[in-house]
Amino acid sequence: LPVLWDSQLCRKDLLLAGVPVRIYLPREPSASKRRGVVFLHGGCGIFGSIRSYERICQYIARKSDSVVLSVGYHLAPEHGYPAQALECVGATVCFLRDAESYGVDPARVLVCGDSAGGTYAAIVCQELGRRTDIPRLRAQVLIYPFLQALNFHLPSHQQNAAVAFLSRERAVHFILKYLRKDCSLKEPILAGAHVPESTAWKYRKWINAEVIPEVFKAGYKAPLPAPFAPQVHGEVRELLEPRFSPLLAEDAVLGGLPDTCIVTCEHDVLRDDGLLYKKRLEDNNVRVTWHHVQNGFH
């Protein structure tokens, strides 16, 4: 869509930690320092751009009277994993350190993202949660985030397996494209053959349909366990790293996270990722606000 520039805002294109960013600043003077929003766009790490999210970032800046930093991290497959997450971390650190020069209160900065951007937002908060050399992030906003690649048989995966735009198979296809892996691995990953028994057992208490509220489990059927395939696991070890699947982070990491807002959609294969993360954060005494869009889709 053509971009319609908002006359209430001014913008600046910069490089932070070598990453292209665009800053949206309200023109109206403020009596005090404003909130800051670090926005990380979605697109599976292989699509999306500052320009494609310009309307959204302008809307956030205008409606919340905040300074918005849109991060144009470099895309895969040309820039391999985990470059995207690391660039989001680097740009966020630079913004936090220099927030006051943009008229932002460094104690009131949140990180926000949708889909893969929500993944990167979760990773940014996990990576920065224990650091004392920069201001602490005030909050994270995760909009239907992708958070785990261990189990593709949760109720939301079954119920929305064929829903456009992000079907269950397409989700794994994009993951393999993002990681520059052979797409023939899709079927064994969907079956769960990439997960060692010890790993599945370790995370059972966190990633399990039994943890999902009953209202979201209509028609759910527990799958038969797939035999472990060591070769498949060796090809896609990244799937089970917290930097790829933030839901697999340890409690000690999650306990250091800021206030969180999670948005889920009913007709979305990733719905249960958000529900499981909500439960884990609450179990670790993180304050969570949850919004569920009953008629929403990814």
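Everything numeric here is computed off the predicted structure, so don't read it as measured data. (Residues numbered from 1 in each chain as written. Predicted model: local features only at pLDDT ≥ 70, side-chain atom pairs only at ≥ 80, totals over all residues. Heavy atoms only, no water.)

**Student:** How should the environment of Ala 229 be read in this particular structure?
**Tutor:** Position of Ala 229 relative to the elements: it lies in the loop between helix 7 (197-202) and helix 8 (230-235). As for Ala 229 and Arg 271, which are separated by 42 residues in sequence, their C-alpha atoms are 27 Å apart. (Helix = DSSP H or I, 4+ residues; strand = E, 2+ residues; numbered from the N terminus.)

**Student:** So what exactly am I meant to see when it comes to unusual backbone geometry here?
**Tutor:** In most cases, non-glycine residues show a negative phi, while peptide bonds are predominantly trans. The step from Ala 76 to Pro 77 runs through a cis peptide bond, and the omega angle for that step is 5°. Each neighbour pair has its own omega, and for Tyr 81 with Pro 82 the value is 5°, a cis peptide bond. Within the secondary structure layout, Pro 82 lies in the loop between strand 4 (67-71) and helix 2 (83-97). A positive phi angle is found at Cys 44, which is not glycine, with a value near 60°. Take Cys 44: it is sitting in the loop between strand 3 (34-40) and helix 1 (54-64). With a phi close to 60°, Arg 180 is a non-glycine residue in the positive phi region. Mapped onto the fold, Arg 180 is located in the loop between helix 5 (168-178) and helix 6 (186-191). Arg 180 sits in the exposed class, given a relative accessible area of 54%. (Buried < 20%, exposed > 50% of the residue type's maximum accessible area, 1.4 Å probe, protein only.)

**Student:** How should the UniProt feature "domain: Alpha/beta hydrolase fold-3" (unreviewed entry) in the protein chain be read in this particular structure?
**Tutor:** UniProt marks residues 37-189 and 238-298 with the feature "domain: Alpha/beta hydrolase fold-3" (unreviewed entry), using the numbering shown here. Annotated as residues 37-189, this span is 39% helix and 16% strand, and its ends, taken at the C-alpha atoms, are 35 Å apart. In the segment residues 238-298, helix accounts for 28% and strand for 31%; the C-alpha atoms at its two ends are 24 Å apart. (UniProt positions renumbered as here; feature names shortened; annotations may be inferred.)

**Student:** What is the right way to read the pairing of strand 6 (residues 139-143) from this model?
**Tutor:** Regular strands place side chains that alternate from one sheet face to the opposite one. Burial analysis of strand 6 places four of its five residues in the buried class, the great majority of the element. In this sheet, strand 6 lies alongside strand 5 (residues 104-114) in parallel orientation, the contact comprising five bridges. Bridge pairing links Gly 113 to Leu 142 in strand 6. Remark: the strand 5/helix 3 (residues 116-128)/strand 6 crossover connection has right-handed handedness. Pairing geometry for strand 6 and strand 7 (residues 259-267), over five bridges, is parallel. Its bridge partner being in strand 7, Ala 139 is matched across the sheet by Asp 259. (Pairing = 2+ DSSP bridges. Right-handed = clockwise from strand over helix to strand, strands pointing away.)

**Student:** Would you mind going over the pattern of salt bridges with me for this structure?
**Tutor:** A side chain of one charge can pair with a side chain of the opposite charge if their charged atoms are brought near each other. Enumeration according to the criterion identifies 20 salt bridges in this entry. A salt bridge links Glu 210 to Arg 204, with the shortest nitrogen-to-oxygen separation between them at 3.4 Å. Take Glu 210: its relative accessible area is 60%, and that puts it in the exposed class. Classification of Arg 204 by relative accessible area gives partly exposed; the value is 39%. As a salt-bridge pair, Asp 259 and Arg 287 come within 2.6 Å of each other at their nearest N and O atoms. Remark: Arg 287 occurs in the loop between helix 10 (271-283) and strand 8 (288-297) and Asp 259 occurs in strand 7; sequence separation between them is 28 residues. Via salt bridges that share partners, Arg 11, Asp 13, Arg 22 and Glu 54 belong to a single interconnected network. (Salt bridge = Lys/Arg side-chain N within 4 Å of Asp/Glu carboxyl O.)

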